[in-house]
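# Architecture at a glance
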Amino acid sequence: MNSNERSFAEKTSAADKSIGFDYQYYYFLDKLLNLKTGQSVGLEIKDDVHTDLNANFQLLFQLKHTTQLSATGKPLNLTELDGDLWKTLSNWSRVITDKTQGREDELSQNLFLKRTEFHLVTNKSSSAGNKFLAKILEVQREPCTHLELKAYLETLEGKTSCGTIKNYIRDILALTDKVQKQFFRKIQFELEVDDITLRVRRSIEEKAIDKDHVDLVFARLDSNIREDNFIAIKNGETIHITYEKFMEKYRRVFIEARNKKLPLYPFVPNIPDDIFSQNFVKQLLHIGDIRNEDVERIIEYTTYKLRIARYLILWEQTGELVADEVDAFHAEVFLRWENEFRSAFRKCKNEDEIIDSALALLTSLRKERFALADENLPTALCNGELYLLSDTPQIGWHQEWDKL
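The structure contained in this document is the topic of the report that follows. Every value quoted in this text rests on a predicted model; they were computed, and no experiment measured them.

This brings us to the overall build of the protein chain. When you go through the protein chain residue by residue, the secondary structure sums to 16 helices and 8 strands. Taken over the C-alpha trace, the protein chain has a radius of gyration of 31 Å; the compact-globule value for 404 residues is 22 Å, which it surpasses by more than 25%. C-alpha extents for the protein chain along the principal axes are approximately 100 × 55 × 40 Å. The buried share among the 404 residues of the protein chain stands at 42%. In the protein chain, 69% of the contacts between residues at least 6 apart in sequence involve partners at least 24 apart. If you average the places of the 56 positive and of the 66 negative side-chain charges in the protein chain, the two averages end up 6 Å apart.

If you want it as structure tokens, here you go:
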């Protein structure tokens with residue numbers, strides 16, 4: 001078997017379908033980010049994606065994604081007998097003549113075409129050999145007549161040996177000449193739209209979001225909108241979002257990204273294999289704050305520690321902080337611990353009283369809110385800083401923590 005050939009199972013794999021859905025969703029997200037007052041965007045309602053503009057005008061988008069690559073490593077070309085191309089044009093011709101929408105006659109079909117534009121969006125590459133696309137562009141610029149294009153359509157129908165594509169072409173030829181001419185003038189092709197997530201990030205940046213915060217905004221929007229879409233579908237609702245609704249629900253994401261607060265980037269830490277080998281965990285076990293069976297809590301505390309450690313590195317790398325601010329932060333937390341520690345054990349007479357005082361010291365400092373760059377950090381990060389310093393170890397809880 002040719003190494004470039006794929007089995008039927010490979011051609012219909014879940015991965016291929018999944019990336020197709022994601023491609024469609026991220027295009028929808030990009031359109032959402034570019035809405036203006038009075039406009040709206042829908043997902044899988046009128047088409048894969050559609051946009052309602054002002055003055056009762058709509059854009060319909062069909063999204064076609066391929067994972068197949070050419071010998072040069074680029075997505076395959078969109079050929080003039082491409083199944084995706086003709087299936088899309090056939091679908092649109094059926095939309096134009098949809099009887100259930102009252103579009104049985106030529107007049108209603110032309111009225112629909114006057115307020116509609118059709119966009120085929122794909123990551124497939126342009127092809128110099130695709131004469132059909134070239135002729136559509138010529139019709140729109142008027143060096144080529146509609147009748148010449150229609151004649152070429154008939155030639156393609158006779159040229160292909162694929163019955164399915166023949167039927168798709170016949171659906172278009174079944175349109176009246178007047179409707180067909182209007183239809184061809186309203187088709188747009190967006191080819192080589194490959195890195196769709198980069199496109200979304202550019203749209204976010206164009207909303208006056210600093211480059212260093214774009215990924216954070218992207219992640220928050222992606223997470224929230226996906227969840228809201230899931231809930232809408234589960235409740236039997238359509239996904240149709242107006243500009244006003246978008247701004248009402250998600251503007252906080254942009255506001256927070258534009259302010260001077262330290263960005264809390266999405267971060268899933270890699271928990272160490274042996275969580276009990278961590279110094280801070282050994283200290284907490286020694287004073288009885290946690291027990292060996294408290295695995296979930298130990299993982300939670302470990303997450304706090306790893307998150308603040310990662311954030312401090314990221315904030316310095318992105319210029320949110322400079323090194324001396326990080327050093328001053330550690331020094332401030334250390335000093336607060338030192339002041340509390342010096343007085344915590346003055347009246348202790350035995351080990352039980354030392355343990356009680358150690359737990360009281362830990363409890364007291366866990367309630368503290370530490371500031372960094374004039375901003376009070378969330379409690380989880382403040383606690384994480386305590387665990388980070390005691391893991392080094394620079395601080396501890398037992399009276400003789402440094403000898404344990």
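There is more to say, and it comes next.
Taken as a whole, this structure holds 20 aromatic pairs when the rule is applied. With a centroid separation of 5.9 Å and an interplanar angle of 85°, the aromatic rings of tryptophan 337 and tryptophan 401 are classed as edge-to-face. Of the two residues, tryptophan 337 sits in helix H14 (residues 323-344) while tryptophan 401 sits in the segment after helix H16 (379-391), which places them 64 residues apart along the sequence. Accessibility classification places tryptophan 337 together with tryptophan 401 in one group, the buried group. Cluster of aromatic residues (ring-pair linked, three or more members): Trp86, Trp92, Phe112, Phe118, Phe132, Phe183 and Phe184. Taking the ring centre of phenylalanine 112 as reference, the NZ or CZ of arginine 103 above it sits at 3.8 Å. Sitting over the face of the ring of tyrosine 25, arginine 226 holds its NZ or CZ atom 4.1 Å from the ring centroid.

Turning our attention to the sheet that holds strand E6 (residues 239-242). Spatially, the 6 strands line up as an open sheet ordered E5-E4-E3-E2-E1-E6, and their pairing is mixed. Taken across any chain shown, the strands that pair with only one partner, and hence form the sheet edges, are strand E5 (187-190) and E6. Strand after strand, the sheet turns through a mean of 20° between neighbouring axes, direction not considered. Bridge count between strand E1 (residues 40-43) and E6: 4 bridges; the pairing is antiparallel.

Helix length check: helix H15 (residues 351-366) (16 residues) gives 22 Å between terminal C-alpha atoms against 22 Å at 1.5 Å per residue, within 8%. Three or more residues of H15 are buried, namely Ile354, Ile355, Ser357, Ala358, Leu361, Leu362, Leu365 and Arg366. Of the surrounding secondary structure, the elements contacted by the buried residues of H15 are helix H12 (279-286), helix H13 (295-317), H14 and H16. Between the side-chain oxygen at the start of H15 and the backbone nitrogen of aspartate 352 there is a gap of 3.1 Å, and the oxygen is on asparagine 350.

A few words now on helix H10 (residues 211-234). In this model, H10 (24 residues) spans 35 Å end to end at C-alpha, consistent with the 34 Å of a helix rising 1.5 Å per residue. Along H10, the residues that are buried comprise His213, Val214, Leu216, Val217, Phe218, Leu221, Asp222, Ile225, Asn229 and Ala232. Regarding H10, its N-cap is aspartate 210, as a side-chain oxygen of that residue lies 2.9 Å from the backbone nitrogen of aspartate 212 further along. At the C-terminal side of H10, glycine 236 shows a positive phi close to 75°.

Our focus in this paragraph is the pattern of salt bridges. Taken as a whole, this structure holds 22 salt bridges when the rule is applied. Two residues, arginine 185 and glutamate 142, come together in a salt bridge whose shortest N-O distance is 3.3 Å. You can see arginine 185 sitting in helix H8 (residues 177-185) and its partner glutamate 142 sitting in the loop between helix H5 (131-141) and helix H6 (146-159), a full 43 residues away along the chain. Residue classification places arginine 185 among the partly exposed positions, given a relative accessible area of 33%. A salt bridge links glutamate 368 to arginine 336, with the nearest nitrogen and oxygen atoms 2.6 Å apart. Residue glutamate 368 is located in the loop between H15 and strand E7 (371-372), and its partner arginine 336 is located in helix H14; the two are separated by 32 residues in the primary sequence. Glutamate 368 gets classed as partly exposed once you look at its relative accessible area, which sits at 24%. The exposure class of arginine 336 is partly exposed, given its relative accessible area of 26%. Because the salt bridges share partners, they merge into one network encompassing Asp22, Asp222 and Arg226.

Looking now at the nonpolar core. Side chains that are nonpolar tend, in soluble globular proteins, to be buried together. Leu284, Trp315, Trp337, Leu372, Leu377 and Trp397 are the most contacted members of the largest nonpolar core, which totals 42 residues. Listing elements by their share of this core, those giving two or more residues are H12, H13, H14, H15 and H16. When residues in this core are grouped by element, the largest group, 8 residues, is from H13. Those residues in contact with leucine 377 that lie beyond four places of it in its chain are Leu262, Ile308, Trp315, Phe329, Arg369, Phe370, Leu372 and Cys382. Counting residues in hydrophobic clusters, the runner-up holds 34 residues, among them Tyr27, Val121, Ile239 and Tyr250.

Bringing the pairing of E1 into the picture now. Residue alternation in E1 divides its side chains into two sets, Ser40 and Gly42 and Val41 and Leu43, and both sets are buried. The sheet contact formed by E1 and strand E2 (residues 49-53) spans 4 bridges and is antiparallel. From the neighbouring strand, serine 40 faces E2, where its bridge partner is aspartate 52. A loop of 5 residues connects E1 with E2, the two strands running antiparallel in sequence, and glutamate 44 in this loop sits at a positive phi of about 55°.

The next point concerns unusual backbone geometry. With an omega of -10°, the peptide bond running from threonine 392 to proline 393 counts as cis. By the secondary structure assignment, proline 393 is in the segment after H16. Positioned with a positive phi, alanine 208 is a non-glycine residue whose angle comes to about 65°. Tracing the chain through its elements places alanine 208 in the loop between helix H9 (196-205) and H10. At aspartate 374, a position not held by glycine, the phi torsion is positive, near 65°. Mapped onto the secondary structure, aspartate 374 falls in the loop between E7 and strand E8 (375-376).

Reading the values: the criteria
Counting of residues starts from 1 at the beginning of each chain's written sequence and follows it residue by residue. With pLDDT at 70 or above as the cut-off, local features in this predicted model cover only qualifying residues; side-chain atom pairs require 80 or more to be listed or tallied, and sums for whole chains, interfaces and linings still use all residues. Neither water nor hydrogens contribute to the side-chain values; these are computed over all heavy atoms in the structure. Helix and strand definitions here come from DSSP, where helices need a minimum of 4 consecutive H or I residues and strands a minimum of 2 consecutive E residues; each element is numbered from the N-terminal end. Throughout, radius of gyration means the C-alpha value; the globule benchmark is 2.2 Å times the number of residues raised to the power 0.38. Think of it in three bands: residues with accessible area under 20% of the maximum for their type are buried, residues over 50% are exposed, and the middle band is partly exposed, with areas taken using a 1.4 Å probe on protein chains only. Note on contacts: a residue pair qualifies if any of its non-hydrogen atoms lie within 4.5 Å across the two residues. Charge counting follows a simple rule: Lys and Arg are positive, Asp and Glu are negative, and His as well as the terminal groups are ignored. A charged residue contributes its charge at one atom only: NZ of Lys, CZ of Arg, CG of Asp or CD of Glu. Between 30 and 60 degrees the pair is tilted, below 30 it is stacked and above 60 it is edge-to-face, where a pair is any two Phe, Tyr or Trp rings, Trp via its six-membered ring, whose centres lie within 6.5 Å. Two conditions define a charge located above a ring, namely a distance within 6 Å from the ring centre to NZ of Lys or CZ of Arg, and an angle within 35 degrees of the ring normal. Strand pairing is assigned whenever DSSP detects at least two bridges linking the two strands. Lines fitted to C-alpha atoms define the axes here, with helix axes fitted over just the stretch in contact, and angles between the N-to-C directions of these axes take values from 0 to 180 degrees. Each helix should span, by expectation, one fewer than its residue count multiplied by 1.5 Å. Polar contacts here mean pairs of N or O atoms no more than 3.5 Å apart (in protein, one a potential hydrogen donor and the other a potential acceptor; neighbouring residues in sequence count only if both atoms are side-chain atoms). Here, a salt bridge means any side-chain nitrogen of Lys or Arg that lies within 4 Å of a carboxyl oxygen of Asp or Glu. For this analysis, a nonpolar core means a set of buried residues of the types Ala, Val, Leu, Ile, Met, Phe, Trp, Tyr and Cys, connected via side-chain atoms within 4.5 Å.

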